[in-house]
Amino acid sequence: MQNEKNKKILLFCLILLSILPTFILAGTPKLTWLYISTFSGFIGTVLILWQYILGTRSVSGLYFNELPWVTRLHVLFGVWGSLLIFAHPVAATILYAKSWTYSFALNFSGGLETSVSYGRIALFFILTIWLTSVLLRRFLSYRLWKYIHYLAYISLPFVFIHAPSIGTSFINHAVFAYWYSLAAVFGVFTVVRLRMFVSLGRTKYTVIKLTKLNGHVVLLELSPQNKKLRIKPGQYVYLRRSITSESHPFSVAHYSKKSGNIFVAFKVFGRYTGELTRVKQGATMYIDGPYGTFTQVANLNSGETIVFIAGGIGITPFLMHLFNPKLKNKQLFYANRQRENANFITSLRRELGQNLHEFYSEEKSSKAGSRADRITASKIKENVPDWQSAQYIICGPSQMMKILRDDLKNQGVKASNIHIEEFSF
Ligand SMILES: Cc1cc2nc3c(=O)[nH]c(=O)nc-3n(C[C@H](O)[C@H](O)[C@H](O)COP(=O)(O)OP(=O)(O)OC[C@H]3O[C@@H](n4cnc5c(N)ncnc54)[C@H](O)[C@@H]3O)c2cc1C
């Protein structure tokens, strides 16, 4: 698969470029703490730079459309890169027998101290990002966490100016060249990110219609102004209301190949989706993408049974597959609290007939079963003859996905046959 090949190439480049400093720093004087300080600072910076590059969706999205995988790498590099960066001042403090507050006390009294202070500023920013992402993430709102993440834009320039003026290894030309190439790469990716930030590089669409569906869900129809994006079933796009607005991901519920029109069904959760309900007909929206390979196992030629399991608004990435008559052997298990919240249900009943299984957890009497009727692996087994070899594609609330995945695995479904999409990264 192309994506698997791309992953291997990327990993190879990442490893090669990350260990390069080990060779060019070979001439560093043989003092243990100096070694630790230099290597951790260098390799930590390389990893943080990779984290920054992988976080540039407009670039990583060109290469990979499986963004959650890229996001996992981004997180991994961020966590370990930061830890290595933290080891750098610790080793330097021990090496130069300074006090433990030395790494934090800003001091611009002379050339050397000013350079050290650039490092202190970078350390403060990286520490803040690390603490809020690793330890405090669940106490912070998504938005606050994200804004704090933007400190990455300013932390790296401080790292780049901090090192050359004090680093003993910088007498080596190869180290100098390597360091400034890293700084140049950072510069290029910053321009690319800022370009996306002001919506250059996004495709313009016009709002055609907003239709209220059930249970705080709205269907938004968008039409391309010039370029049409080509969307595959199960993919998602990032939507932006204006040049300065935030950018949020939404699955494409329907796409017309002929007109290029895109339909997005979104549930009102918070500020952004609330604002989306107020966009005016004729307004311009900015889209980037499409991304995602989540439902790619729903392959028209494989002949395998595909079991789609949706909870509420989690139905959206499945709709194009479900309404595709060429995709045979599909079953849908669709869970909602109440019947009146089950969006698209009439057309789904018409399209899928016996292959649609409805579940309502808060209905007093439910055609599909008992009062608190939830999807379980045993209910799937009762309805899907080849349940053991089927592919399972699940999208819904995190808790529901986790319970179902464990339940299916306990019943003997292979983990590689279960595919999950989170509606948050
Ligand atoms: C791949 C993918 C596809 C999605 N498809 C749909 C869809 O078809 N229909 C639908 O209703 N929702 C979908 N979502 C979820 C949708 O993006 C969020 O509900 C929306 O961004 C919430 O923003 P808010 O400001 O209204 O709410 P908030 O209260 O600010 O956010 C609610 C939660 O949404 C998540 N979120 C917020 N902003 C972002 C962001 N920029 N990127 C990623 N996650 C974010 C966070 O987990 C947050 O806690 C999808 C999400 C992802 C990742």
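Just above, that's the structure.
Residues numbered from 1 in each chain as written. Predicted model: local features only at pLDDT ≥ 70, side-chain atom pairs only at ≥ 80, totals over all residues. Heavy atoms only, no water.

Caption draft 1: Structural detail: the overall build of the chain. Across its full length, the chain carries 13 helices and twelve strands. Scored against the burial criterion, the 425 residues of the chain give a buried share of 48%. Counting only contacts in the chain whose residues sit at least 6 apart along the sequence, the fraction spanning at least 24 positions is 67%. When the accessible surface of the chain is summed, it comes to about 21700 Å², and 61% of that surface belongs to carbon and sulfur atoms. (Helix = DSSP H or I, 4+ residues; strand = E, 2+ residues; numbered from the N terminus. Buried < 20%, exposed > 50% of the residue type's maximum accessible area, 1.4 Å probe, protein only. Contact = heavy atoms within 4.5 Å. Areas by Shrake-Rupley, 256 points an atom, 1.4 Å probe, with all protein chains shown as cover.)

Caption draft 2: View of the pattern of salt bridges. Tallied over the full model, the rule gives eight salt bridges. Across the pair E358 and R349 runs a salt bridge, and its minimum N-O distance is 2.8 Å. Between K402 and D406 there is a salt bridge whose closest N-O contact spans 3.3 Å. Note that K402 and D406 are positioned in helix 13 (residues 398–411) at a spacing of four residues, about one turn of the helix. One continuous salt-bridge network, built from bridges that share partners, spans R143, E246 and R271. (Salt bridge = Lys/Arg side-chain N within 4 Å of Asp/Glu carboxyl O.)

Caption draft 3: Representation of the sheet that holds strand 5 (residues 254–255) in the model. One open sheet holds the seven strands; their spatial order is 4-3-7-1-2-6-5, and the pairing between them is antiparallel. Each edge of the open sheet carries a strand with a single partner, namely strand 4 (247–251) and strand 5. Taken together, the five bridges between strand 3 (residues 236–240) and strand 4 define a ladder with antiparallel strand orientation. Note on strand 4: the bridge partner recorded for Y236 is S251. (Pairing = 2+ DSSP bridges.)

Caption draft 4: The arrangement of the environment of M196 in detail. Residue position: M196 is located in helix 8 (residues 173–197). Judged by its relative accessible area of 9%, M196 is buried.

Caption draft 5: Looking closely at helix 13. Compared with an ideal rise of 1.5 Å per residue, which puts 14 residues at 20 Å, helix 13 spans 20 Å between its outermost C-alpha atoms and is within 8% of the ideal. All of the buried residues along helix 13 are M400, M401, L404 and L408. Along helix 13, the residues classed as buried sweep out an arc of 95° about the axis, all on the same side. In helix 13, those exposed residues whose orientation departs by more than 90 degrees from the buried face are Q399 and N410. Looking at the buried side of helix 13, the elements it contacts are strand 8 (306–311), helix 12 (377–383), strand 11 (391–395) and strand 12 (418–421). (Expected span 1.5 Å × (residues − 1). Arc of directions from axis to C-beta.)

Caption draft 6: Looking closely at unusual backbone geometry. The omega torsion of the bond from G289 to P290 falls at 0°, within 30 degrees of zero and hence cis. Checked against the element boundaries, P290 lands in strand 7 (residues 284–291). Phi is positive for N329, which is not a glycine, with a value near 45°. Assignment of secondary structure puts N329 in the loop between helix 10 (319–322) and strand 9 (330–336). According to the relative accessible area criterion, N329 is partly exposed, its value standing at 39%. The phi dihedral of F344 is positive, around 65°, even though this residue is not glycine. Counting through the fold element by element, F344 comes out in the loop between strand 9 and helix 11 (345–352).

Caption draft 7: Here's a closer look at the side chain of E221. Here E221 shows up in strand 2 (residues 217–224). Nearest to the buried, unbridged E221 among oppositely charged side chains is K209, at 5.0 Å. Ignoring anything within four residues of it in the chain, the contact list for E221 reads T206, V207, I208, K209, N261, I262 and F263. (Lys, Arg positive; Asp, Glu negative; His and termini not counted.)

Caption draft 8: View of the packing of helix 2 (residues 32–54) against helix 7 (residues 152–166). Interaxial distance between helix 2 and helix 7 falls to 11 Å at its minimum, and their mutual angle equals 150°. The angle between the axes of helix 2 and helix 7 places the two elements in the roughly antiparallel class. When you trace helix 2 past helix 7, the crossing you get is left-handed. On helix 7, the residues touching T45, I48, L49 and Y52 of helix 2 are A152, Y153, L156, V159 and F160. Classifying every residue of the contact of helix 2 with helix 7 gives eight nonpolar, one polar and no charged. (Axes fitted to C-alpha atoms, helices over the stretch in contact; angles between N-to-C directions. Parallel < 35°, antiparallel > 145°, perpendicular 65-115°, else oblique. Left-handed = near helix turned anticlockwise from the far one by under 90°. Nonpolar A, V, L, I, M, F, W, Y, C, P; charged D, E, K, R; others polar.)

Caption draft 9: Quick look at the sheet that holds strand 10 (residues 356–360). As summarised here, the arrangement of the five strands in space is 10-9-8-11-12, forming an open sheet in which the pairing is parallel. Both outer strands of the open sheet, strand 10 and strand 12, are each paired with one neighbouring strand and no more. Each neighbouring strand pair of the sheet contributes to a mean axis angle of 15°, computed without reference to strand direction. Where strand 9 lies against strand 10, five bridges are found, and the strand directions are parallel. Each bridged residue has a counterpart across the sheet, and for A335 the counterpart in strand 10 is F359. Helix 11 rests against strand 9 and strand 10 of the sheet, and its axis sits at about 145° to strand 10.

Caption draft 10: Here's a closer look at the site of the ligand. In the vicinity of the ligand there are 24 residues, among which R143, H248, P249, K267 and T273 approach most closely. Between an oxygen atom of the ligand and a side-chain N or O atom of R143, the distance comes to 2.7 Å. H248 places a polar side-chain atom, nitrogen or oxygen, 2.5 Å from an oxygen atom of the ligand. Going through the elements one at a time, helix 6 (142–149), strand 4, strand 6 (262–267) and helix 9 (271–276) are the ones with two or more residues in the shell around the ligand. Tallying contributions element by element places strand 4 first for the shell around the ligand, with five residues. (Near = heavy atom within 4 Å. Polar contact = N/O pair within 3.5 Å; in protein donor to acceptor, adjacent residues only side chain to side chain.)

Caption draft 11: A look at the packing of aromatic side chains. Taken as a whole and judged by the stated rule, the model has 20 aromatic pairs. Measuring from centroid to centroid gives 5.8 Å for Y52 and Y153, while their planes differ by 85°, and the two rings are edge-to-face. Placement of the pair is Y52 in helix 2 and Y153 in helix 7, with a sequence separation of 101 residues. Exposure remark for Y153: the relative accessible area of 18% places this residue in the buried category. Each residue in the set F42, Y52, Y147, Y150, Y153, F160, Y178, W179 and F186 is aromatic and connected to the rest through ring pairs, giving one cluster. The ring of Y102 has R120 lying over it, and the distance from NZ or CZ to the ring centre is 4.6 Å. One Lys or Arg, R137, reaches over the ring of W145 and ends 4.7 Å from the middle of that ring. (Phe/Tyr/Trp six-rings, centres within 6.5 Å; stacked < 30°, edge-to-face > 60°. Lys NZ or Arg CZ within 6 Å of the ring centre and 35° of its normal.)

Any functional reading would require information that these geometric values do not contain.
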